[in-house]
Amino acid sequence: MKKSFNLSKKKSGLLIEWMPQLKLIKSFQFKGQQRQESWQLIELDTQAAKTEAYFDKLYTYQSTEYADIGDDHTDEFFAKMLTLGFVEGGASGFYNDKGEIIGNHHNE
């Protein structure tokens, strides 16, 4: 069993086919003035071991939320990045690891 949801505006539209028993989208179609996009579920694998292995692999990647970068003073990379400070208008955009301008790369 599936349910369909359709939203039409003057120059765009959205169609979603939903499988309530699985709480999963079967298909998604968007049409707008500038672009169209369509997604279709082509395979469903409910083997828990495969899913757990996939997420275990994802959890091994190091990550930091963008909003937390300024609060993380223990990470050497972030600490160096923060010492660069703010880029001033008209600066070259090229800096060393101490935040000092490297060369003059302005177009004269």
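Bear in mind the structure is a predicted one, so any value in this text is a computation, not a measurement.

This paragraph deals with the pattern of salt bridges. By the definition in use, this model includes two salt bridges. One salt bridge connects E37 with R35, and the closest N-O pair in it is separated by 2.5 Å. Look at E37 and you get partly exposed, because its relative accessible area is 26%. Its salt-bridge partner being K50, residue D45 comes within 2.8 Å of it at the nearest N-O pair. D45 gets classed as partly exposed once you look at its relative accessible area, which sits at 31%.

Turning our eyes to something else, we now look at the sheet that holds strand β1 (residues 3–8). Taken together, the four strands give an open sheet; going across it, the order is β1-β2-β3-β4, and neighbouring strands pair in antiparallel fashion. Strand pairing shows two members of the sheet lacking a second neighbour, β1 and β4 (36–40), which therefore form its edges. The mean inter-strand angle of the sheet, taken between neighbouring strand axes irrespective of direction, is 10°. Both β1 and strand β2 (residues 13–19) contribute to a ladder of six bridges, which runs antiparallel. Residue pairing for β2: S4 is matched across the bridge by E17.

What counts and how
Residues numbered from 1 in each chain as written. Predicted model: local features only at pLDDT ≥ 70, side-chain atom pairs only at ≥ 80, totals over all residues. Heavy atoms only, no water. Salt bridge = Lys/Arg side-chain N within 4 Å of Asp/Glu carboxyl O. Buried < 20%, exposed > 50% of the residue type's maximum accessible area, 1.4 Å probe, protein only. Pairing = 2+ DSSP bridges. Helix = DSSP H or I, 4+ residues; strand = E, 2+ residues; numbered from the N terminus. Axes fitted to C-alpha atoms, helices over the stretch in contact; angles between N-to-C directions.

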